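Tertiary structure, described
For reference, the chains in residue letters:
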Amino acid sequence: MNVIEKYRRVGLAQKQFATFDQKQVDHIFAHVASVANKARITLAKLAVDETNMGVFEDKVIKNHFASEYIYNAYKNAKTCGVIESDPYYMNYKIAQPVGVIAAIIPTTNPTSTTIFKILIALKTRNGLIISPHPRARNCTIATAKLMLEAAVAAGAPDGIIDWLDEPSVQNATQLMQCCDLILATGGPGMVKAAYSSGKPAIGVGSGNVPVVVDESADIKMTVASILSSKSFDNGMICASEQAVIVYRSIYMQFKQELLSQGAYILNTQQTKAVGKIILINGSLNPQIVGQSPSKIATMAKIKIPSKTRILVGEVSDHSINEPFAHEKLSPVLALYQSQDFNHSVIIAKQLLNNGGLGHTASLFIDPNSSNQTKIDYWQSQMNVGRCLINSPSSFGGVGDLFNFQLPPSLTLGCGTWSGNSVSENVGIKHLLNIKTIAYRRENMLWFKTPNKIYFKRGCLPVAIRELKDDYHASRVFIVTDKFLYEHTSYVKDLTKYLDELNITHTTFYEVSPDPTLACAYTGAKAMTSFQPDVVIALGGGSPIDAAKIMWLLYEHPKIKFTDMTMRFMDIRKRIEQFPQMNTKAHFIAIPTTAGTGSEVTPFAVITDESTGSKYPLADYQLMPTMAIIDSQLMDNMPPSLTAATGIDALTHALEALASCMASDYTNSLSYQAGKMIFTWLPRAYQNGMTDNEARDNMANAACMAGIAFANAFLGVCHAMAHKLGGYFHIPHGIANALLIKEVIKFNCDYAPSKMCVFPQYKYPTALENYATFATHLGIKAPSAKAQVTKLLDKISQLQKTLNLPSSIQEYGINEKMFLAVLDQMSLDAFDDQCITANPRYPLVTEIKEMYKNAYYGKNGNK
């Protein structure tokens, strides 16, 4: 039967095996492990007799380890069906086999490696075809045949394990090219062939384990550990020690202990003689692999005591030119003398570079806290997968003997340091495909507001008392604008209330209508000098937004403002986290306009004066501690400001309503705020100086709309308005008014080119949401589409009543100037934070089209 036929036969058996449940698999796994364990002596003898390598008794131990320890490590592991479940998050992981595995077996550990690979394949319901080393063919096949018979007897499908009867490079290559996964243990050439086969491979690199011996080490234990490990199976385990590096201060003591425990230290001539037979043409001499010290001495034509456990060559050259500086796979050890710990690490690092990167390094040291710095430095310099401390590396590296968390394995990955795909001890997880079942889940939403919101006409002097009663304030920093400071009594009234409470205060009034970052830094410097415990922002959106930035810079002067402007998809998962606020001062917002809602939102918009760009900052750390809504402070708003801020509030309600993060909590506020704005804004615009009822209702509507978008966020209208305002200095509310109708039409498309990415938003609902909004306004029509059309007409009528321009062109923006920046402005709007929550995710070209429609208005595009 050729290789392809074997693959097909095992593949059929594996498909049947893949249907077995955990109980069946565990029964087979246990039975086969038991059979292999009972045959450990027989199989060890077969290996030694055929390969003429190693030590019979040690191979018995390796077979015992491969059966007992592997079984014990994985006997309770789930490898069938659901292996992990989280009903709360509705996430499940299901294990599935990879298929048919090609197992490349080395001549150094043929029977134990075969036991290991068959057991982990059976535990994971995989089929296995073994490619023996030609010099270990018979013992490898005998092991595989024994375990196949045991598996079938326990209920496994016949043919689940097979082997190449005539091992050759050609057959092994063909096997690797047709299998589903390669598990390669062998020389560098074979491992390279596995990775070059075109199939997934788990290959392992060679070892060249350097051992650093610190002056604090227990010398007797160190030598005993090294000799028992290095002499085990005549040094054929790839994790065995290859060179020991010892301080000058303890070198002679260490040498004497080597001699006392059975090592033979070669003299200069003997070291040269042994060095000549370690390598042949730059590669390891296969004739010394797994041979006894006496046989190697005979090959080198030197005489040694009959009971010699290992040969030790004292060398100083740790470059690739030194034979002793290579992996030797025999009871031959290099011994280096170092000046100190750092010098030892340098030598160890060079030895790994000669060969052995990614494998294992060893350190003997007193593990007390005073040596932790040494340990940390050593491990940081060792590019290996296993850093063993105070362990015989042959036993420590294979896991579970001299440690408890390193999985037992006879295939040790070396990571990318050595061109391997894994850097850990290979086990069952590497032979499984894990299928994750993830149900659609909606993450929790939230409803956040300032700790306190006080509202009612004339409430300011009463609410402000809490600064003393609840916050025990002693120093208040007021932020406002120049107009309010010089032309109204608002600041004087506020400071009078503070004086009555014996609270020290100062006022910063240099905030411009479009507050700049430079202004914020200037205010923060003044704030830092004053050291307030309360910051009061008095004014419209500009002073409140500027004050938020000043507050941030005051509490965290080392923060990078640009980091805080980084965009996010989900505010809970942003890369740059806002620092904790309210550590130095509470923030009180007192609005004097009815529109921005900044007094109840976690947002602030600031302009970079160097570029003209507006940056919206968003984080709940910027949420004011308290908001005081007193409509008396809005009586003197001129009609134009009343119109601009009022239409801004309406846009807040509409965008929060359409947002993919909208909820019943925010919708109820959006509906009510919208209804109030349509009712009271025309009256506030026409009779604001005398109509207290209109002012009060608009103040409340603006605050409610602010709370709605503080939790549902905004959309593409605000993104475009931020950039339109930044490029052409159009007041924010007016910019929104010029764009909102185009955005509503854009969002109503039931088959959008892109939809927002948020699990709560299941399908396009903007049309229905706007229609419901229209219903709350008393608009009736035979269809949702007709209702939205009437809503657009109602918005147009409101804008006309407020004497707002109907297009960007009508506002007075030059056409040539507008078109010159249109492409960049569209791209900038696309990158605005507000885009994320828009129900329809806009393409840059679509933003550009909306800008053009808004520019030309009823005249259409030109």
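Residues numbered from 1 in each chain as written. Predicted model: local features only at pLDDT ≥ 70, side-chain atom pairs only at ≥ 80, totals over all residues. Heavy atoms only, no water.

Further remarks concern the state of the cysteines. Applying the stated criterion across every chain yields a total of zero disulfides. Cysteine C387 remains unbridged, with the sulfur of C414 as its closest cysteine sulfur at 12 Å. A disulfide-free cysteine, C756 has its sulfur positioned 3.3 Å from the sulfur of C660, the nearest such atom. (Disulfide = S-S within 2.5 Å.)

With a phi close to 50°, H472 is a non-glycine residue in the positive phi region. As for its placement among the helices and strands, H472 is situated in the loop between α17 (466–469) and β19 (475–481). The class for H472 is exposed, based on a relative accessible area of 60%. Phi at H729 is positive, roughly 55°, even though this residue is not glycine. Along the chain, H729 turns up in the loop between α26 (716–728) and α27 (732–747). With a relative accessible area of 59%, H729 lands in the exposed category. (Helix = DSSP H or I, 4+ residues; strand = E, 2+ residues; numbered from the N terminus. Buried < 20%, exposed > 50% of the residue type's maximum accessible area, 1.4 Å probe, protein only.)

Within the secondary structure layout, S229 lies in helix α9 (residues 219–231). Look at S229 and you get buried, because its relative accessible area is 0%. One polar contact links S229 to E241, side chain to side chain, over a distance of 2.7 Å. If near-sequence neighbours (up to four positions away) are discounted, S229 is found in contact with S240, E241, P392, S393, S394 and F395. (Polar contact = N/O pair within 3.5 Å; in protein donor to acceptor, adjacent residues only side chain to side chain. Contact = heavy atoms within 4.5 Å.)

This structure, assessed with the given rule, holds 21 aromatic pairs. Each ring, one from Y92 and one from Y439, has its centre 6.1 Å from the other, and the planes form 75°; the classification is edge-to-face. With Y92 in strand β2 (residues 91–97) and Y439 in the loop between β17 (432–438) and β18 (452–455), this residue pair connects regions lying 347 residues apart in the sequence. Classification of Y92 as partly exposed rests on a relative accessible area of 22%. When the ring of Y485 is compared with that of Y509, the centres are 3.9 Å apart and the planes differ by 5°; the resulting orientation is stacked. Residue Y485 is located in helix α18 (residues 482–487), and its partner Y509 is located in strand β20 (residues 504–511); the two are separated by 24 residues in the primary sequence. Here the aromatic cluster, defined as three or more aromatic residues joined through ring pairs, consists of W446, F603, Y620, F709 and F713. Seen from the ring of F530, R475 lies directly overhead, with NZ or CZ sitting 4.1 Å from the centre. Above the plane of the ring of Y554 lies K584, whose end atom (NZ or CZ) is 5.1 Å from the centre. (Phe/Tyr/Trp six-rings, centres within 6.5 Å; stacked < 30°, edge-to-face > 60°. Lys NZ or Arg CZ within 6 Å of the ring centre and 35° of its normal.)

A few words on the sheet that holds strand β21 (residues 534–539). If you walk across this open sheet you meet the six strands as β18-β25-β22-β21-β19-β20, and the pairing is parallel. Sheet topology places β18 and β20 at the edges, where each strand pairs with a single neighbour. Direction aside, neighbouring strands of the sheet carry axes that sit 15° apart on average. Pairing between β19 and β20: six bridges, direction parallel. Among the inter-strand pairings, V476 is bridged to a residue of β20, identified as H505. This element, helix α21 (residues 541–555), spans β19, β20, β21 and β22 (586–591) of the sheet and lies at about 160° to β21. (Pairing = 2+ DSSP bridges. Axes fitted to C-alpha atoms, helices over the stretch in contact; angles between N-to-C directions.)

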